Amino acid sequence: MLLGKIFKSKKAQHSDTFNLRIHRGLSWLKKSTELDQDLDLQFISLWGSFKALYAQDVAGMPNK
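Below or above, wherever it landed, is the structure these notes cover. Since the structure is predicted, the reported quantities are computational estimates derived from the model, not experimental observations.

Moving on: the overall build of the protein chain. Each helix and strand in the protein chain was counted, giving three helices and zero strands. Each helix and strand of the protein chain, placed in order from N terminus to C terminus, yields the pattern α-α-α. Taken over 64 residues, the protein chain has a buried fraction of 19%. Across the protein chain, the fraction of contacts at a sequence separation of at least 24, relative to all contacts at a separation of at least 6, is 43%. Approximately 5600 Å² of the protein chain is accessible, and the part contributed by carbon and sulfur atoms is 60%.

Let us look at the environment of Lys8. Position of Lys8 relative to the elements: it lies in helix 1 (residues 2–10). With a relative accessible area of 66%, Lys8 lands in the exposed category. Placed 15 residues apart in sequence, Lys8 and His23 show a C-alpha to C-alpha distance of 9.4 Å.

The packing of two helices is summarised by the inter-axis angle and the distance between the axes. One way to put it is that helix 2 (residues 16–34) packs onto helix 3 (residues 39–54) with a least axis distance of 8 Å and a crossing angle of 170°. Classified by the angle their axes make, helix 2 and helix 3 are roughly antiparallel. Taken together, the residues of helix 3 that come into contact with helix 2 (itself represented by Arg21, Ile22, Arg24, Gly25, Trp28, Leu29, Lys31 and Ser32) are Gln42, Ser45, Leu46, Gly48, Ser49, Ala52 and Leu53. Of the residues belonging to the contact of helix 2 with helix 3, the class tally is six nonpolar, six polar and three charged.

Criteria and cut-off values
Residues numbered from 1 in each chain as written. Predicted model: local features only at pLDDT ≥ 70, side-chain atom pairs only at ≥ 80, totals over all residues. Heavy atoms only, no water. Helix = DSSP H or I, 4+ residues; strand = E, 2+ residues; numbered from the N terminus. Buried < 20%, exposed > 50% of the residue type's maximum accessible area, 1.4 Å probe, protein only. Contact = heavy atoms within 4.5 Å. Areas by Shrake-Rupley, 256 points an atom, 1.4 Å probe, with all protein chains shown as cover. Axes fitted to C-alpha atoms, helices over the stretch in contact; angles between N-to-C directions. Parallel < 35°, antiparallel > 145°, perpendicular 65-115°, else oblique. Nonpolar A, V, L, I, M, F, W, Y, C, P; charged D, E, K, R; others polar.

Structure representation (structure tokens):
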């Protein structure tokens with residue numbers, strides 16, 4: 001996957017938190033490409049990818 005190669009080549013330039021979000025987003029995106037026969041699971045995987053990329057740690061929020 002081209003995006004994965006680009007991510008790996010630029011990984012050292014970014015924070016661990018950013019890298020984790022990108023890694024998770026790319027993992028969900030890759031999974032969605034493997035689910036071309038099941039549109040429901042493909043949609044859920046794409047949604048997971050989107051949410052992983054935009055996730056933010058909220059300071060001061062209690063862990064549950």
